[in-house]
Amino acid sequence: MSKFFVTCARGTEEVTAYELEEIGADAIEIGMGGVHFEGDQDVLYKAHLWLRTANRILLPLRSFQCRSPEEMYDNLVKFKWETFLHGDLTFAVECTISGRNSITMNHSHYARLKAKDAIVDRIREKTGDRPNVDTDHPDVRVVLYIRDGVCTLNMDATGESLHNRGYRSRHAEAPLKETLAAAILLLSGWDGETPLVDPMCGSGTLLAEAALIASNTAPGLLRERFTFMNWPDFHAPRWEKCVEEAKDAQVELPDNFLFGFDQDRDAVKQTEFALKVLGFEDKATITQAKFEEFQRPEGMEQGFLVMNPPYGERLGDEEGLVPLYKLMGDT
Ligand SMILES: C[S@@+](CC[C@H](N)C(=O)[O-])C[C@H]1O[C@@H](n2cnc3c(N)ncnc32)[C@H](O)[C@@H]1O
């Protein structure tokens, strides 16, 4: 059993905790912007496959006092990095500093460089090799949180954030984050069986997440690589078993299940693109239409409506939105 911390959007921790319960995690405890849990390798693998609201899963390894960059270096250089970084594996360090720290420990960029030096020096001393840094797609990601003079060293089990499911069109404007869309749907009271309507679908995030939920598709199946696969204890047959179980759990969506509308032609194309990438295009009807002209889709007895209307990002935007929000209430 290991202890983990899964990060998620603030305010969605309870949904993430519920999802963790569903996959059999233990000692679930809600934190700020994430949830602590315990589990074995199966739980870690299932978490990467099944969690819809999580961004990253971290394995906290140790905490130490960190009042200066030198103290941090001295602690990090003692860690057995050679067990994680071998062969040609690349690495990256991410560092977040918050709370009250000493004056020399307040610069995350410098702390990151110092941590990188400690890792490189340790590996060079033990193996004679110099590991390469790759900040974009590292094989091993080290995450440091420095708060109130204490540094927590974590290994990132995930790599690229889980919100990046890979169905999003490059042209999407102001899209909802995939993990947040999933959290909204899981909190909404939707039963996953009633046809779903999004009358302002934008790039289709809510519809895409709804399709994944209703078809019981594990979102992790959309990805091939996670950084835990580079860890020394990675057990490929166990992972494959979890993947096969997830594939077997998938169910077919009913016809005429998803309905999307948007006044913008590009938004309609983006939603169609997302649903096509996921293979649900024949279960959805996406129409260019204004909300004010919204009609109950033909043949629909009962439906569940969910939407993410424009909310105004700049000061003064709100005033222009008053008529739209009034209209939404009236329709
Ligand atoms: C915040 S975006 C939705 C983003 C979407 N949830 C996503 O993840 O991409 C709001 C959408 O509402 C659409 N919209 C605004 N007013 C509308 C109206 N009166 N009728 C239909 N669509 C409208 C916009 O074109 C925009 O795509």
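Just above sits the structure.
Rules behind the numbers
- Residues numbered from 1 in each chain as written.
- Predicted model: local features only at pLDDT ≥ 70, side-chain atom pairs only at ≥ 80, totals over all residues.
- Heavy atoms only, no water.
- Core = buried A, V, L, I, M, F, W, Y, C linked by side-chain atoms within 4.5 Å.
- Buried < 20%, exposed > 50% of the residue type's maximum accessible area, 1.4 Å probe, protein only.
- Near = heavy atom within 4 Å.
- Polar contact = N/O pair within 3.5 Å; in protein donor to acceptor, adjacent residues only side chain to side chain.
- Areas by Shrake-Rupley, 256 points an atom, 1.4 Å probe, with all protein chains shown as cover.
- Nonpolar A, V, L, I, M, F, W, Y, C, P; charged D, E, K, R; others polar.
- 1 Å grid on protein atoms, 1.4 Å probe; cavity = no way out; pocket = protein on both sides within 12 Å on 5 of 7 lines; lining within 4 Å.
- Points joined across faces, edges and corners; volume = space filled by probe spheres on them.
- Helix = DSSP H or I, 4+ residues; strand = E, 2+ residues; numbered from the N terminus.
- Axes fitted to C-alpha atoms, helices over the stretch in contact; angles between N-to-C directions.
- Parallel < 35°, antiparallel > 145°, perpendicular 65-115°, else oblique.
- Left-handed = near helix turned anticlockwise from the far one by under 90°.
- Contact = heavy atoms within 4.5 Å.
- Pairing = 2+ DSSP bridges.
- Salt bridge = Lys/Arg side-chain N within 4 Å of Asp/Glu carboxyl O.

Colleague: Is there a simple way to explain the nonpolar core in this structure?
Modeller: One broad trend across soluble globular proteins is that nonpolar side chains are buried collectively. Among the nonpolar cores identified, the biggest contains 57 residues, and Ile-57, Met-72, Leu-76, Trp-81, Leu-144, Ile-146 and Phe-228 are the most heavily contacted of them. In this structure, Ala-181, Ala-208, Ala-210 and Leu-253 belong to the second largest nonpolar core, which totals 26 residues.

Colleague: When you look at the site of the ligand in this model, what are you seeing that I'm missing?
Modeller: Taken together, 21 residues sit near the ligand, with Leu-176, Ser-203, Thr-205, Asp-262 and Phe-291 positioned nearest. In the model, an oxygen atom of the ligand is placed 2.6 Å from a nitrogen or oxygen of the Ser-203 side chain. Take Phe-291: an N or O atom from its main chain is 2.8 Å from a nitrogen atom of the ligand. In isolation the ligand has 600 Å² of accessible area, and contact with the protein removes 90% of it. Of the residues that constitute the shell around the ligand, the class distribution is eleven nonpolar, six polar and four charged.

Colleague: Sorry, what's going on with the layout of surface pockets here?
Modeller: A probe as big as a water molecule, rolled over the atoms, marks out the empty space that is left. For the second largest pocket, the calculated volume is near 550 Å³. Lining the second largest pocket are 22 residues, with Phe-5, Met-32, His-36, Tyr-145 and Thr-152 positioned closest to its centre. At the level of elements, strand E1 (2-8), strand E2 (26-31), strand E3 (34-39), strand E4 (54-65), strand E5 (91-98), strand E6 (140-147) and strand E7 (150-156) are the ones that each hand at least two residues to the lining of the second largest pocket. Examining the composition of the lining of the second largest pocket, we find that four residues originate from one element, E1, more than from any other. Its residues placed into classes, the lining of the second largest pocket shows eleven nonpolar, six polar and five charged.

Colleague: Got a minute to help me understand the environment of Glu-14 in this structure?
Modeller: Along the chain, Glu-14 falls in helix H1 (residues 13-22). Taking the C-alpha atoms as reference, Glu-14 lies 9.4 Å from Glu-29; in sequence the two are 15 residues apart.

Colleague: Whenever I open this one, the packing of helix H3 (residues 69-76) against helix H4 (residues 108-127) confuses me. Can you help?
Modeller: The angle between the axes and the distance between the axes are what describe a pair of packed helices. Orientation of H3 relative to H4, taken along the N-to-C sense of each, is 30°, at an axis distance of 9 Å. Relative to H4, H3 is oriented roughly parallel. For H3 against H4, the interelement crossing comes out right-handed. Of H4, the residues touching H3 (which contributes Pro-69, Glu-70, Met-72, Tyr-73 and Leu-76) are Tyr-110, Ala-111, Lys-114, Ala-115, Asp-117, Ala-118 and Asp-121. Taken together, the residues of the contact of H3 with H4 break down into eight nonpolar, no polar and four charged.

Colleague: Any chance you could explain the sheet that holds strand E8 (residues 196-198) here in plain terms?
Modeller: Within a beta sheet, neighbouring strands are joined by backbone hydrogen bonds and run either parallel or antiparallel to one another. An order of E10-E9-E8-E11 is seen for the four strands of this open sheet, with the pairing classed as parallel. Single-partner strands in this sheet number two, and they are strand E10 (284-288) and strand E11 (304-305).

Colleague: Is there a simple way to explain the sheet that holds E6 in this structure?
Modeller: Pairing within the open sheet is mixed, and its seven strands lie in the order E2-E3-E1-E4-E7-E6-E5. Lying at the two open borders of the sheet, with one neighbouring strand each, are E2 and E5. Taken pair by pair, the neighbouring strands of this sheet meet at an average axis angle of 30°, ignoring direction. Of the strand pairs in this sheet, E2 and E3 are connected by four bridges, and their pairing is antiparallel. In the sheet register, Gly-31 faces E3, and the bridge partner there is Gly-34.

Colleague: Before we go on, may I ask you to explain the pattern of salt bridges in this structure?
Modeller: Side chains that differ in sign of charge can pair as their charged atoms come close. With the rule as written, the count across this model stands at 14 salt bridges. Glu-94 is the salt-bridge partner of Arg-141, the closest N and O atoms lying 2.2 Å from each other. A residue pair is termed long-range when its members are at least 10 positions apart, and Arg-141 in strand E6 and Glu-94 in strand E5 qualify at 47 residues. Between Glu-252 and Lys-283 there is a salt bridge; the shortest N-O distance is 3.3 Å. A residue pair is termed long-range when its members are at least 10 positions apart, and Glu-252 in the loop between helix H7 (236-249) and strand E9 (258-262) and Lys-283 in the loop between helix H8 (265-278) and E10 qualify at 31 residues.

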